[in-house]
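Spelled out from the first residue to the last, the chains are:
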Amino acid sequence: MADSAAADDLEDFRRDARAWLENSCPPEMRTPMRSEKDICWGGRKFTFASDAQKQWLEVMAGRGWTVPDWPAEYGGGGLSPAETKVLRQEMAALGCRVPLQSFGISMLGPALLKYGTEEQKQEHLPKIVRGEIRWCQGYSEPNAGSDLASLATSAEDKGDHYLVNGQKVWTSYADEADWIFCLTRTDASQKQGGITFLLFDMESQGVSTRPIRLISGASPFCETFFDDVKVPKDQVLGEVNDGWSVAKYLLGHEREMISGMGGRSQGPSLSDFALGKLGADEQGRLDDPVLRARIAMHEVRSHAFAAMSERFMDQLKAGKIHPAQPSMMKYYGTELNKDRHELLMAAGGSDALEWESEGSGEGKAARAWLRTKANSIEGGTSEIQLNIIAKRILELPEG
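Residues numbered from 1 in each chain as written. Predicted model: local features only at pLDDT ≥ 70, side-chain atom pairs only at ≥ 80, totals over all residues. Heavy atoms only, no water.

A.B. asks: Any chance you could break down the overall build of the chain for me, citing the residues and the numbers?
C.D. replies: Counting secondary structure elements, the chain contains 11 helices and eight strands. Its C-alpha atoms give the chain a radius of gyration of 22 Å, near enough to 21 Å, the size a compact globule of 399 residues would have. With the C-alpha coordinates of the chain rotated into their principal frame, the extents come out at 75 × 55 × 50 Å. For the chain, with 399 residues in total, the buried portion stands at 45%. Taking the intrachain contacts of the chain between residues at least 6 apart in sequence as the baseline, contacts between residues at least 24 apart amount to 69%. When the accessible surface of the chain is summed, it comes to about 20,000 Å², and 51% of that surface belongs to carbon and sulfur atoms. Between the centroid of the 46 positive side chains of the chain and the centroid of its 59 negative side chains there is a distance of 2 Å. (Helix = DSSP H or I, 4+ residues; strand = E, 2+ residues; numbered from the N terminus. Rg over C-alpha atoms; globule rule 2.2 N^0.38 Å. Buried < 20%, exposed > 50% of the residue type's maximum accessible area, 1.4 Å probe, protein only. Contact = heavy atoms within 4.5 Å. Areas by Shrake-Rupley, 256 points an atom, 1.4 Å probe, with all protein chains shown as cover. Lys, Arg positive; Asp, Glu negative; His and termini not counted. Charge placed at Lys NZ, Arg CZ, Asp CG, Glu CD.)

This is the structure:
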């Protein structure tokens, strides 16, 4: 009887959520995103692409549904895992765009919920939910990439504050961010044990950024420099010299976020796109049997990944996930996303190589294809993920 009542309650929630979404989501926010410009990142520097985008963020944040499964006392929706899944299903069915994307939601927020003081949670989580502050991640350094624990950015104890000096690299959107979550060295005599996790404002005196131009022509990554940056001691997340524990926990959520690229797509399906470019045979199938087979295999893998992702999220919410599973998800999602863009380029032919015209959206396909090459580096290289999978999941011997 209890299970039946719970199922009835969930169906009531589904009906109410669907009705609210139908009434509240602006029509413009029910169309596929055309480019990254349609993503709402929030933050002090963010400019809304339209009134509809701003309205959608405000109404969803008002219900806490930008982060529906966060506790209501911190601005979240307070929904159960089952209700959160239903909400996302109904949003997908109506074509509703995600109202807000941010590293605060996908990475820092979970770490704050686990390691933050009550004051830190009350200060930062509601602002993340409302999209008021945009965060960036200060992890990698010029000489501390795959071996991140060898980082050298220092935080010197000055009594009531730390004095931070050093450099980070590949800091995604640092030039657009308001605050940074940053790994710093507070004890040079240790490696993992001498790292402290700090939070501070990017407008602090001594912080500067410089975009890194990629082969795609865009600059999502930056170099970030710290020159005698004062950080109050109450902005330490977790314990002093135990920032590596926070960092590892956050990395799991970052890899989960990156893996999601394998299941996301904008615009028409691969099959429809290829048909539009290459035409159909007498049976109505794509008139290129080799490409048709490649696309079919990709779609099979996409469906399998979607099923695996749903199971992964259920396990994550239940606290039953294997510590190495995020690496598995990140690796497969990365390869799937790269494969999708390879197929888009193959279907587009020589036209897909065009770089600057208005007709190609200033080389949208080619630039996006090139951008995917970074997927296998960011958030932990594919080689590192495969090593983790081999060691922690397959239990293969080291050699």
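A.B. asks: How would you summarise the side chain of Asn 375 if you had to cite specific residues and measurements?
C.D. replies: The topology assignment puts Asn 375 in the loop between helix 10 (364–371) and helix 11 (382–393). Polar side-chain contacts of Asn 375 include one of 2.7 Å to the side chain of Glu 378. (Polar contact = N/O pair within 3.5 Å; in protein donor to acceptor, adjacent residues only side chain to side chain.)

A.B. asks: Please provide a residue-by-residue account of helix 11, values included.
C.D. replies: Owing to its 3.6 residues per turn, the α-helix aligns residues three or four sequence positions apart on the same side. Given a rise of 1.5 Å per residue, 12 residues ought to cover 16 Å, and the 15 Å separating the end C-alpha atoms of helix 11 matches this to within 8%. Taken together, the buried positions of helix 11 are occupied by Ser 382, Gln 385 and Ile 389. Viewed along the axis of helix 11, the buried residues span an arc of 60 degrees, placing them on a single side of the element. Away from its buried face, by an angle of more than 90 degrees, helix 11 presents the exposed residues Glu 383 and Asn 387. (Expected span 1.5 Å × (residues − 1). Arc of directions from axis to C-beta.)

A.B. asks: Pulling in residues and values, what's your account of the environment of Ser 309?
C.D. replies: Its location among the elements puts Ser 309 in helix 8 (residues 289–317). Residue classification places Ser 309 among the buried positions, given a relative accessible area of 19%. Separated by 24 residues in sequence, Ser 309 and Gly 333 have C-alpha atoms that sit 9.5 Å apart.

A.B. asks: Please set out a negative patch on the surface residue by residue, giving values where relevant.
C.D. replies: Negative charge collects at one region of the surface, where Asp 351, Glu 354, Glu 356, Glu 358 and Glu 362 lie side by side. Within the secondary structure, Glu 354 is located in the loop between helix 9 (325–348) and helix 10. We classify Glu 354 as partly exposed; its relative accessible area is 31%. (Patch = residues over 30% accessible without salt bridge, like charges linked within 9 Å, V, L, I, M, F, W, Y side chains within 5 Å. Salt bridge = Lys/Arg side-chain N within 4 Å of Asp/Glu carboxyl O.)

A.B. asks: Tell me about unusual backbone geometry, and name the residues and values.
C.D. replies: Positive phi, close to 60 degrees, is recorded for Trp 170, a residue that is not glycine. Along the chain, Trp 170 turns up in the loop between strand 3 (161–168) and strand 4 (179–185). Since its relative accessible area comes to 46%, Trp 170 is described here as partly exposed. Here the phi dihedral of Glu 362 falls at roughly 55 degrees; this positive angle occurs in a residue that is not glycine. Inspection of the secondary structure assignment puts Glu 362 in the loop between helix 9 and helix 10.

A.B. asks: Provide a residue-level description of the packing of aromatic side chains, including the pertinent values.
C.D. replies: For the structure shown, the criterion picks out 14 aromatic pairs. An angle of 75 degrees between the planes, with centres 6.1 Å apart, marks the rings of Trp 41 and Phe 103 as edge-to-face. With Trp 41 in the loop between helix 1 (2–24) and helix 2 (51–63) and Phe 103 in helix 4 (residues 103–115), this pair connects stretches of sequence that are 62 residues apart. Of the two residues examined, Trp 41 and Phe 103, each falls in the buried class. Aromatic ring contacts, followed pair by pair, group Trp 135, Tyr 139, Trp 179, Phe 181 and Phe 197 into a single cluster. Sitting above the plane of the Tyr 249 ring, Lys 114 keeps its charged end 5.3 Å from the centroid. Across from the ring centre of Trp 355, 4.0 Å away, lies the NZ or CZ of Arg 367, which sits over that ring. (Phe/Tyr/Trp six-rings, centres within 6.5 Å; stacked < 30°, edge-to-face > 60°. Lys NZ or Arg CZ within 6 Å of the ring centre and 35° of its normal.)

A.B. asks: Provide a residue-level description of the nonpolar core, including the pertinent values.
C.D. replies: Within the largest apolar cluster, 39 residues are counted, with the highest numbers of intra-cluster contacts made by Leu 108, Tyr 139, Phe 181, Phe 197 and Leu 199. Of all the elements in the fold, those that place two or more residues in this core are helix 4, helix 5 (118–130), strand 4, strand 5 (195–201) and helix 6 (243–259). Excluding residues within four positions of it along the chain, Leu 199 makes contact with Leu 108, Leu 112, His 124, Trp 135, Trp 179, Ile 180, Phe 181, Val 231, Gln 235 and Leu 237. (Core = buried A, V, L, I, M, F, W, Y, C linked by side-chain atoms within 4.5 Å.)

A.B. asks: Quick one: what's the story with the pattern of salt bridges, residue by residue and with numbers?
C.D. replies: If you walk through the whole model with that rule in mind, you get 22 salt bridges. Glu 90 is the salt-bridge partner of Arg 14, the closest N and O atoms lying 2.8 Å from each other. Of this pair, Arg 14 sits in helix 1 while Glu 90 sits in helix 3 (residues 81–94), and the two are 76 residues apart along the sequence. Judged by its relative accessible area of 16%, Arg 14 falls in the buried class.

A.B. asks: I'd like to hear about the packing of helix 8 against helix 9, residue by residue, with values.
C.D. replies: For the pair helix 8 and helix 9, interaxial distance at closest approach is 10 Å and the crossing angle is 155 degrees. Between helix 8 and helix 9, the angle is such that the two are roughly antiparallel. The element helix 8 and its partner helix 9 pack so that their crossing is left-handed. For the pair formed by helix 8 and helix 9, the contact residues are Leu 291, Arg 294, Ile 295, His 298, Arg 301, Ser 302, Phe 305, Met 308, Ser 309, Phe 312 and Gln 315 on the first element and Gln 325, Pro 326, Met 328, Met 329, Tyr 332, Gly 333, Leu 336, Asp 339, Arg 340, Leu 343, Ala 346 and Ala 347 on the second. Partitioned by chemical class, the residues of the contact of helix 8 with helix 9 number 13 nonpolar, six polar and four charged. (Axes fitted to C-alpha atoms, helices over the stretch in contact; angles between N-to-C directions. Parallel < 35°, antiparallel > 145°, perpendicular 65-115°, else oblique. Left-handed = near helix turned anticlockwise from the far one by under 90°. Nonpolar A, V, L, I, M, F, W, Y, C, P; charged D, E, K, R; others polar.)

A.B. asks: Give me the pairing of strand 2 (residues 154–157): which residues, what numbers.
C.D. replies: When strand 2 meets strand 3, the two strands line up antiparallel, connected through four bridges. Residue Asp 157 lies in a different strand from strand 3, and its bridge partner there is Tyr 162. Adjacent in sequence and paired antiparallel, strand 2 and strand 3 are bridged by three residues, among which Gly 159 carries a positive phi angle near 95 degrees. (Pairing = 2+ DSSP bridges.)

A.B. asks: Tell me about the environment of Arg 97, and please be specific about residues and values.
C.D. replies: Within the fold, Arg 97 resides in the loop between helix 3 and helix 4. For Arg 97, a relative accessible area of 7% corresponds to the buried category. Put simply, Arg 97 and Met 313 are 216 residues apart on the chain and 20 Å apart in space, counted from C-alpha to C-alpha. Filtering out sequence-adjacent residues up to four positions away, Arg 97 remains in contact with Glu 28, Met 29, Thr 31, Pro 32, Met 33, Asp 38, Trp 56 and Met 91. For Arg 97, the side chain forms a polar contact with the main-chain oxygen of Thr 31, separated by 2.8 Å.

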